[in-house]
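Observations on chain architecture
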Amino acid sequence: PGNLLHQVFETAAFSDDRRWMAVIDEARQQHLPRRAAQFAPMLYDMLQQTFNLPLTVNGHTFRLAEVAYDRRIHEFEFDFPVPLYNPAALNNLSDASIDVRVSWDKPLEGIVNGKLDLFFGLGDKYYILDWKSNYLGDTLAYYSPPALSRAMNVNNYHLQYLLSTLALRHYP
């Protein structure tokens, strides 16, 4: 299901729902061919809600539907050099609410490689978005801010965000 969702989010026009069903059908045929018709209405509703949900970042509220296609980079691949360092030092970034866990305690150097699901600009600001499809539970309570914070910590997503931010600092 994660690959299906990524494909839909990568190819759907956030502000124009006219081709959403075609995008959904193509992804369903590729990833869930035997259960194709069953998921179309749910996926369409998910796109409608995701792209029109008000998001607030540092006091600025917007919707993904406001992001122009030419201001989006999907699957932004990055590589950046890392001089000799001790990865376990990243654990010092943890605080009372954010848990960063690195268990490798030997010095490393080399290249960090990864992909950002979505890098986009809106106005004069730039954002990183990582699509997540983790199943946390059957009710909205499982998706409350404290529950999401726990899931972020359990899955070490703060480290992923840190690496993504560092990658963008190397982008010209």
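Computed from a prediction, not measured in an experiment: that's the story for all the values here. Numbers given for residues are sequential positions, taken from 1 along each chain in its written order. In keeping with the model being predicted, local features are shown solely for residues with a pLDDT of at least 70 and side-chain atom pairs are shown and tallied solely at 80 or more, while totals for entire chains, interfaces and linings include all residues. Values shown for side chains rest on all heavy atoms present in the structure; no hydrogens or waters enter the calculation.

What follows concerns the pattern of salt bridges. The working definition used for a salt bridge is a side-chain nitrogen of Lys or Arg within 4 Å of a carboxyl oxygen of Asp or Glu. Taken as a whole and judged by the stated rule, the model has six salt bridges. The shortest N-O distance in the salt bridge between Lys 106 and Asp 105 comes to 3.9 Å. When the shortest N-O distance is used, the salt bridge between Lys 132 and Asp 130 registers 2.4 Å. Relative accessible area decides the class of each residue, using a 1.4 Å probe on protein chains only: under 20% of the type maximum gives buried, over 50% gives exposed, and in between gives partly exposed. For Lys 132, a relative accessible area of 40% translates into the label partly exposed. Note on Asp 130: relative accessible area 27%, which makes it partly exposed.

Side-chain atoms within 4.5 Å link the members of a nonpolar core, which is a set of buried Ala, Val, Leu, Ile, Met, Phe, Trp, Tyr and Cys residues. Core analysis: the biggest nonpolar cluster contains 25 residues, and Leu 47, Phe 51, Leu 64, Phe 120 and Trp 131 have the highest contact counts within it. Strands here are runs of E lasting at least two residues and helices are runs of H or I lasting at least four, both read from the DSSP assignment and numbered beginning at the N terminus. Put simply, the parts of the chain that give this core at least two residues each are helix H1 (2-11), helix H2 (20-31), helix H3 (36-52), strand S4 (108-122) and strand S5 (125-129). Excluding residues within four positions of it along the chain, Phe 120 makes contact with Phe 62, Leu 64, Val 67, Arg 71, Arg 72, Lys 125, Tyr 126, Tyr 127 and Leu 129. Phe 76, Val 82, Leu 116 and Leu 168 belong to the second largest nonpolar core, which has nine residues in total. Residues are treated as being in contact if the distance between any of their heavy atoms lies within 4.5 Å.

Here the focus is a nonpolar patch on the surface. Only residues whose relative accessible area exceeds 30% and that form no salt bridge are eligible for patches; like-charged ones are grouped when within 9 Å, while nonpolar side chains (Val, Leu, Ile, Met, Phe, Trp, Tyr) are grouped when within 5 Å. For the area figures, the Shrake-Rupley method with a 1.4 Å probe applies, and any residue is considered shielded solely by the protein chains shown. On the surface, a nonpolar cluster with roughly 430 Å² of combined accessible area is contributed by Tyr 135, Tyr 142, Tyr 143 and Leu 148. The exposure class assigned to Tyr 135 is exposed, which follows from its relative accessible area of 59%.

Side-chain rings of Phe, Tyr and Trp (the six-membered ring for Trp) are treated as a pair once their centres are within 6.5 Å; stacked means planes under 30 degrees apart, edge-to-face means over 60, and tilted covers the remaining angles. Inspection of the entire model under this criterion finds 12 aromatic pairs. Between the aromatic rings of Phe 14 and Trp 131, the centroid separation amounts to 6.4 Å while the plane-to-plane angle is 90°, which identifies the pairing as edge-to-face. Here Trp 131 lies in the loop between S5 and helix H4 (145-154) and Phe 14 lies in the loop between H1 and H2, a separation of 117 residues in the sequence. The two residues Phe 14 and Trp 131 agree in class, both being buried. Where Trp 20 meets Phe 51, the ring centres are 5.5 Å apart and the plane angle is 65°; that geometry is what we call edge-to-face. Here Phe 51 lies in helix H3 and Trp 20 lies in helix H2, a separation of 31 residues in the sequence. Phe 51 matches Trp 20 in its accessibility class, with the two residues each being buried. Put simply, the rings of Phe 9, Phe 14, Trp 20, Tyr 44, Phe 51 and Trp 131 pair up and form one aromatic cluster. Look at NZ for Lys and CZ for Arg. If either is within 6 Å of the ring centre and within 35 degrees of the ring normal, a charge sits over the ring. A cation over an aromatic ring shows up here: Arg 72 above the ring of Phe 14, its NZ or CZ 3.6 Å from the ring centre.

Ordered in space as S3-S4-S5, the three strands form an open sheet in which the pairing is antiparallel. Taken across any chain shown, the strands that pair with only one partner, and hence form the sheet edges, are strand S3 (72-85) and S5. Averaged over neighbouring strand pairs, the angle between their axes works out to 45° when direction is ignored. With 11 bridges joining them, S3 and S4 adopt antiparallel strand pairing. In this scheme, strands are said to pair when DSSP sees at least two bridges between them. Orientation is described by axes fitted as lines to C-alpha atoms, over the contacting stretch for helices, and by angles from 0 to 180 degrees between their N-to-C directions.

Among all positions in H4, only Ala 147, Ala 151 and Asn 153 are buried. One side of H4 holds all its buried residues, which, seen down the axis, span an arc of 160°. Phi turns positive, to about 60°, at Asn 156, one or two residues after H4. The arc in question is the one traced by the directions running from the helix axis out to the C-beta atoms.

Before going further, it helps to spend a moment on the environment of Leu 129. As for its placement among the helices and strands, Leu 129 is situated in strand S5. Separated by 13 residues in sequence, Leu 129 and Leu 116 place their C-alpha atoms 7.4 Å apart. Once residues lying within four places of it in the same chain are set aside, the contact partners of Leu 129 are Leu 64, Asp 117, Leu 118 and Phe 120.

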